[in-house]
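# Per-entry structural report
Listed here are the chains, written in short residue letters.
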Amino acid sequence: MILSVPHAGRDYPKELMAASRLPHERLEQLEDRHADMLVGHAIDCGFTAIVARRARAWIDLNRHEREVDPDMIMPAMRRETLIRSAKVTGGLGLLPRRLRDGGDILRGRVAHGDLERRIEADHRPYHARISDLLAHARDRFGVAILLDVHSMPPLNPDAAQIVLGDRFGQSAAARYTALLDQIARDAGYRTASNVPYAGGHILAAHARPARGVHALQLEIDRSLYLAEDLRTPRTGLGAIDSLVSAMAQALSAEALGTAQAIAAE
């Protein structure tokens, strides 16, 4: 059982801030604010987590390295070599172009060499580490599960507070998604599956359910663990860190039980 937190990084390199039209406080809008704190209890219980430190405004680890807006790069990149996804079109590609409120981030373009250095220094090592951890778990236990932890802005008063993504059944066995849904509902939270968040590049890149490697995305309403300003952690994180840990323990137990049953046949 491996956890990842790709969007909670608060390291804003000086090169980014020098090129940004926006102050640090505005760039924080891209963060899954303090979502790294939500895996602390799971780590204390012995689970392994990989947590990004670089800010999402620098590079988005939940995008393919070819999900790049060509208009952001100099010299121009060949468009046929890039992935023009809906996220890129919306300004939230590998290098975010704008905030959700429409504010452009950078004053100018990013040199192609700088893009490659970000990929080499941050993107590829993060994904390589996830791959290694999952491969080790799969080899040792016969099954491996990745829980990709994110946070989301409050949707509306009656909307889901926790959204579980499995890429519409492509990245994990249905029993794992159903298990997390039941745990969240039993704890009193409103849930949804795959809408509006089905899972991104991390799930697509690492999940191989047919080979015993499953991956799920967990989106948590920030108001459940942040104060009213949606920036400051609540005292005790509103018990959400305990919920994440309970989910990790339940997934681990379910997966091990299934693997042992198969081995005994």
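Before any of the text, the structure's been laid out above.
This write-up is about the structure you can find in this document. Numbering of residues starts from 1 in every chain and runs along the sequence as written. Totals for whole chains, interfaces and linings use every residue, but because this is a predicted model, local features are given only for residues with pLDDT of at least 70 and side-chain atom pairs only at 80 or more, for both listing and counting. Each side-chain value is worked out from all heavy atoms of the structure, with water and hydrogens disregarded.

## Quick notes on the overall build of the protein chain
Just so we agree on the cut-off: By definition, any uninterrupted DSSP run of H or I lasting at least four residues is a helix, any uninterrupted run of E lasting at least two residues is a strand, and each is numbered from the N terminus. Only C-alpha atoms enter the radius of gyration, while the globule expectation follows 2.2 Å times N to the 0.38, with N the number of residues. The contact definition used throughout considers only heavy atoms, calling two residues in contact when any of these lie within 4.5 Å. Here the open area of atoms and residues is found with the Shrake-Rupley method and a 1.4 Å probe, where only the protein chains shown may cover a residue. By the counting rule applied here, Lys and Arg register as positive and Asp and Glu as negative, while His and the ends of each chain are not counted. Lysine's charge is taken at NZ, arginine's at CZ, aspartate's at CG and glutamate's at CD.
Along the backbone of the protein chain there are eight helices and eight strands. Against the globule reference of 18 Å for 265 residues, the protein chain gives a C-alpha radius of gyration of 19 Å, in line with a compact fold. Dimensions along the principal axes, computed over C-alpha positions, put the protein chain at roughly 60 × 40 × 30 Å. Within the protein chain, contacts between residues at least 6 apart in sequence are counted, and of these 78% link residues at least 24 apart. Put simply, the protein chain shows about 12,200 Å² of open surface, and 50% of that area lies on carbon and sulfur atoms. Side chains of the protein chain give 34 positive and 34 negative charges; the mean places of these two sets differ by 5 Å.

## A few points about the packing of aromatic side chains
So the rule is basically this: The pairing test for Phe, Tyr and Trp rings, Trp by its six-membered ring, is centres within 6.5 Å, and the orientation test on the planes gives stacked under 30 degrees, edge-to-face over 60, and tilted for anything in between. Here, a charge over a ring means that NZ of Lys or CZ of Arg falls within 6 Å of the ring centre while also lying within 35 degrees of the ring normal.
In this structure the tally under the stated criterion is zero aromatic pairs. The ring of tryptophan 58 carries the charged tip of arginine 118 above its face, separated from the ring centre by 3.7 Å. Over the ring of tyrosine 176 we find arginine 175, and its NZ or CZ is 4.5 Å from the ring centre.

## Here's the deal with the pattern of salt bridges
Stated formally: In the sections that follow, a salt bridge refers to a side-chain nitrogen of Lys or Arg positioned within 4 Å of a carboxyl oxygen of Asp or Glu. When a residue's accessible area, from a 1.4 Å probe over protein chains only, is under 20% of the maximum for its type it is buried; when over 50% it is exposed; and in between it is partly exposed.
Within the structure shown, the criterion is met by 19 salt bridges. A salt bridge links aspartate 32 to arginine 222, with the nearest nitrogen and oxygen atoms 3.4 Å apart. In this pair, aspartate 32 is assigned in the loop between helix H2 (24–27) and helix H3 (40–44) and arginine 222 in the loop between strand E8 (213–221) and helix H8 (240–264), connecting sequence segments 190 residues apart. You'll find aspartate 32 and arginine 222 in the same group, each marked buried. Of the charged contacts in the structure, one is a salt bridge between arginine 79 and aspartate 71, with a shortest N-O distance of 2.9 Å. Several salt bridges converge on common partners, so that one network encompasses Glu28, Glu31, Arg33 and Arg231.

## Quick notes on the pairing of strand E6 (residues 162–165)
Put simply, the rule reads: Whether two strands pair depends on DSSP finding at least two bridges between them. Convention used here: a crossover is right-handed provided that the path from the first strand, over the helix, to the second strand proceeds clockwise when the strands point away from the viewer.
Alternating residues of E6 divide into Ile162 and Leu164 and Val163 and Gly165, and every residue in both groups is buried. Direction of pairing for E6 relative to strand E7 (residues 191–193): parallel, over a ladder of three bridges. Bridged to leucine 164 within E7 is serine 193. A crossover connection joins E6 to the parallel E7 through helix H6 (residues 174–186); in handedness this β-α-β unit is right-handed. Pairing geometry for E6 and E8, over four bridges, is antiparallel. Residue pairing across strands places glycine 165 opposite glutamine 217, the latter belonging to E8.

## Thoughts on the nonpolar core
Condition: We call a set of buried Ala, Val, Leu, Ile, Met, Phe, Trp, Tyr and Cys residues a nonpolar core when their side-chain atoms join them within 4.5 Å.
One finds Ile73 and Leu115 to be the most contacted residues of the largest nonpolar core, which totals 39 residues. Put simply, the parts of the chain that give this core at least two residues each are helix H5 (112–141), strand E5 (144–152), helix H7 (201–206) and E8. No other element matches the seven residues that H5 contributes to this core. Apart from residues no more than four positions distant in its own chain, leucine 115 is found in contact with Val68, Ile73, Met77, Leu94, Leu95 and Val110.

## Structural notes on the pairing of E5
Of all nine residues in E5, nine are buried; the element is thus mostly enclosed. Here E5 shows two buried faces, one formed by Ala144, Leu146, Asp148, His150 and Met152 and the other by Ile145, Leu147, Val149 and Ser151. In this sheet, E5 lies alongside strand E1 (residues 2–5) in parallel orientation, the contact comprising three bridges. Residue pairing across strands places isoleucine 2 opposite leucine 146, the latter belonging to E5. Both E5 and E8 contribute to a ladder of nine bridges, which runs parallel. By the bridge assignment for E8, serine 151 is matched with isoleucine 220.

## Comments concerning H6
Rules: In this analysis, the expected span of each helix is defined as 1.5 Å times one less than the number of residues it contains. The directions from the helix axis to the C-beta atoms form the arc being described.
Under the 1.5 Å per step criterion, the end-to-end length of H6 is 18 Å for 13 residues, consistent within 8% with the ideal 18 Å. Within the span of H6, buried status applies to Tyr176, Thr177, Leu180, Asp181, Ile183 and Ala184. Down the axis of H6, the buried side of the element spans an arc of 160°, and every buried residue falls inside it. Facing away from the buried side of H6, by more than 90 degrees, are the exposed residues Ala174 and Asp186. Positive phi appears at glycine 188, one or two residues downstream of H6, with a value of about 95°.

## Concerning unusual backbone geometry
The residue after methionine 74, namely proline 75, is reached through a cis peptide bond having omega -10°. Mapped onto the secondary structure, proline 75 falls in the loop between strand E3 (73–74) and helix H4 (86–89). Backbone geometry places leucine 237, a non-glycine residue, at a positive phi of 55°. Tracing the backbone shows leucine 237 in the loop between E8 and H8. For leucine 237, a relative accessible area of 7% translates into the label buried.

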